[in-house]
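Examination of the molecular architecture
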Amino acid sequence: MSTPKSAPSEYETPPNPGLLALARPPDLALERSSAENGQRALLNILEDFAAEKTTLESGQRAMLNILEDYDAEQARMEGAQRAVLNILDDFACEKTQLEAAQGAMVNILGDFSEEKARLQETQRAVLNILDDLREKGNVELVNQQLGKEIEERKRAEEELACRAEELARSNAELQQFAYVASHDLQEPLRMVASFTQLLGQRYKGKLGADADEFIGYAVDGAHRMQVLVNDLLAFSRVGTRDKEFTAADCEKVLQTVLANLQKTLEESSGQVTHDPLPTVRGDETQLLQVLQNLVGNALKFHGAEPPRVHVSAQQIKGEWRFSVRDNGIGIDLQHAERIFLLFQRLHTRAEFPGTGMGLAITKKIVERHGGRIWVESEPGKGSTFYFSLPMKGVTHASGFRASAAG
Amino acid sequence: MQADSEPARPVDILLVEDNPGDVRLIREALHEGKLLNQLSTVPDGQQALAFLRKQGSHAQASRPDLILLDLNLPRKDGREVLAEIKADPDLRSIPVVILTSSHAEEDILKSYNAHANCYVTKPLDLEKFVTVVKSIENFWLSIVKLPSKM
């Protein structure tokens, strides 16, 4: 903004006195007076004029001053205008800035909503993860429970195994006991039997009839006991002298059985027929014992007719079902279970000899092979003994191997 | 039965048996036999080896032509006695007959693996027992050729 000039009043001063003194003529006559008058008039005029000129000049100066003032004012106006413009500029600038700020704000808001969306997404993800975790937590719980159950089951199994082991041990001990007892019983028994026999041989008829009779009973008792102990030994051997199971051709086994029973067959005029027999997995020696016991019984327990025995085998539901059918005296089925028990007999020795061990041994062998044994019979018409052997075969032998007792 | 080429000299048999009943039965059976024999008996494995090596109270013992050896004996059992006899160059030519009540396959196999000359189980029946002892005597002392006494 321009600054206004000094006040115009300082320029309205009276005409310059030095200039008036210079225009006055020094001495002359009338004329000279008139001329001096005229000169004075002229000088006056000139003085007036000069005064006028001074006034004009001062007017002009005033004018110039006014003009100057105007200029100054204009300058001031312009300055003000410029200031306003500047202010307007500033305002526009401010506005732009505001707009920019607003834009930035909007952007920030946009960013914020984006951020929010992202956050929500993250939150959802976190929630999902939490859910998963919770689920996993559940899974872990379930796992823990399962672990516990497994643990318990393991413990139960261990207990069971422990008991099974104990049972197996006590069973093994029993079998060992039966084996050792029957084996060791044989020794003193052999002495009793041998020396009573020797007594009988050397002193028959020399010690009187009573002595002969007593010796007779002693010899007979010792002999029967020998057979019993021998059978008991055979029975205990089923558990103690097991062999690995192999393929056993039952055709061959039966041929051996028939050869072994040749004497009995001849004595009884018996006949044994058979269907084709399979090869099974088992202990051949024991299977031979089974067939020999059953065929032997079939020949032994015959009626008036000479014995007719038929051996066959059928495949039924994954097992071989063997049958030994006879036309003998038959069995009252109320005894059907008893005959398979140790030392159980249905007849006196006078009717049919035997110890009552045969079927017990047979049953033990069949069961060791994973099978069953049973009988169907009609007294007076005959019996059919059945035994089954699983076709898959039991691969391991139950029981244990006893160390050899001498 | 008398072998043709065998000189009629008494044969010496050493019986290693702890059961006096069996000793008597074997003696009875051998007595029924026709062969002349001198039966010596010892009741355990230690004495059996002492007898064979003429040690201690057996200094006067004569070398047997045949040994009848039970397996289950006190102190030193028959299996050990057999092993020692067959490991001894002076004794291993003497035939050893295992005469036992053991039917165990393990005993049978082990005995033959230890060079037993034969393995016989004592029959339960007296008649069979006598027959078996007579058969052993007959086979080993009249049928079989044995090395001459050293």
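Reference entry: report on the structure contained in this document. (Residues numbered from 1 in each chain as written. Chains lettered and ligands numbered in written order. Predicted model: local features only at pLDDT ≥ 70, side-chain atom pairs only at ≥ 80, totals over all residues. Heavy atoms only, no water.)

1. A few points about the overall build of chain A
So the rule is basically this: Secondary structure elements are taken from DSSP: a helix is a run of H or I of four residues or more, a strand is a run of E of two residues or more, and numbering for both begins at the N terminus. Only protein chains enter the calculation, and the probe is 1.4 Å; a residue is then buried if its accessible area is under 20% of its type maximum, exposed if over 50%, and partly exposed in between. Residue contacts follow a heavy-atom distance rule, with two residues in contact if any of their heavy atoms lie within 4.5 Å. Each accessible area value is a Shrake-Rupley result obtained with a 1.4 Å probe; residue values ignore everything except the protein chains displayed when judging cover.
When helices and strands are counted, chain A shows seven helices and seven strands. Reading chain A from its N end, one meets helices and strands in the order α-α-α-β-α-α-β-β-α-β-β-α-β-β. Out of the 406 residues in chain A, the part that is buried amounts to 27%. Taking the contacts inside chain A whose residues are at least 6 apart along the sequence as the reference set, 73% of them involve residues at least 24 apart. Only carbon and sulfur atoms are counted for the fraction: they give 57% of the accessible area of chain A, which is about 26,700 Å².

2. Description of the interface of chain B and chain A
Accessible area lost on assembly of the parts is the figure often given for the size of an interface. Note the threshold: Summed over both partners, the accessible surface that disappears when two parts come together, traced with a 1.4 Å probe, is what is meant by buried area. We count a salt bridge whenever a side-chain nitrogen from Lys or Arg sits within 4 Å of a carboxyl oxygen from Asp or Glu. Throughout this description, a polar contact denotes any pair of N or O atoms lying within 3.5 Å of each other; where both atoms belong to protein, one of them has to be capable of donating a hydrogen while the other can accept it, and for residues adjacent in sequence the pair is counted only when both atoms sit in side chains.
If you look at the interface, chain B gives 22 residues, while chain A gives 20 residues. A buried area of about 1,600 Å², summed over both sides, lies between chain B and chain A, and 52% of it is on carbon and sulfur atoms. Where chain B meets chain A, there are two salt bridges. Remark: the boundary between chain B and chain A carries five residue pairs in polar contact (both at pLDDT 80 or more). Of all the secondary-structure elements, those providing two or more residues to the side of chain B that touches chain A are helix H1 (20-32), helix H4 (105-113) and helix H5 (126-143) of chain B. Residue contributions to the side of chain B that touches chain A peak at five residues, all from H1(B).

3. As for a nonpolar patch on the surface
The test is simple: Excluding any residue in a salt bridge, patches collect residues exceeding 30% relative accessible area, merging like charges within 9 Å and nonpolar Val, Leu, Ile, Met, Phe, Trp and Tyr side chains within 5 Å.
A surface patch of nonpolar side chains, about 430 Å² in accessible area, is lined by A:Val126, A:Leu127, A:Ile129, A:Leu130 and A:Leu133. By the element assignment, A:Ile129 lies in helix H2 (residues 30-203).

4. Here we look at the sheet that holds strand S4 (residues 96-100) of chain B
Residues and elements named next belong to chain B. As a reminder of what qualifies: Two strands make a pair as long as DSSP finds a minimum of two bridges between them. Every angle, taken between N-to-C directions, lies between 0 and 180 degrees, and every axis is a line fitted to C-alpha atoms, over only the stretch in contact when it is a helix.
One open sheet holds the five strands; their spatial order is S2-S1-S3-S4-S5, and the pairing between them is parallel. The sheet is open, and its two edges are formed by strand S2 (37-42) and strand S5 (118-121), each paired on a single side. Ignoring strand direction, the axes of neighbouring strands in this sheet form an average angle of 20°. Relative to S5, S4 runs parallel, the two sharing four bridges. For Leu99, the partnering residue across the bridge sits in S5 and is Val120. Most of the contacts of H4 go to S5, to which it runs at about 155°, and overall it touches S4 and S5.

5. Concerning the packing of aromatic side chains
Residue and element names in this part refer to chain A. In plain terms, the rule: Side-chain rings of Phe, Tyr and Trp, where Trp is taken by its six-membered ring, are said to pair if the distance between their centres is within 6.5 Å; with planes under 30 degrees apart they count as stacked, over 60 as edge-to-face, and otherwise as tilted.
Under the counting rule described, the total for this entry stands at four aromatic pairs over all chains. Taken together, a centroid distance of 5.4 Å and an interplanar angle of 15° make the contact between Trp374 and Tyr386 stacked. Here Trp374 is found in strand S6 (residues 373-378), whereas its partner Tyr386 is found in strand S7 (residues 382-390), with twelve residues between them in sequence. We note that Trp374, like Tyr386, is buried.

6. A word on the pairing of strand S3 (residues 66-69) of chain B
Residue and element names in this part refer to chain B. So the rule is basically this: A crossover counts as right-handed when, viewed with the strands pointing away from the observer, the path leading from the first strand over the helix to the second turns clockwise.
Every second residue of S3 is oriented toward a common face, with Leu66 and Leu68 on one face and Ile67 and Leu69 on the other, all of them buried. Here strand S1 (residues 11-16) pairs with S3 via four bridges, running parallel. What sits directly across from Leu15, in S3, is Leu68. Both S3 and S4 contribute to a ladder of three bridges, which runs parallel. Each bridged residue has a counterpart across the sheet, and for Leu68 the counterpart in S4 is Val97. For the handedness criterion, the β-α-β arrangement of S3, helix H3 (residues 78-87) and S4 is classed as right-handed.

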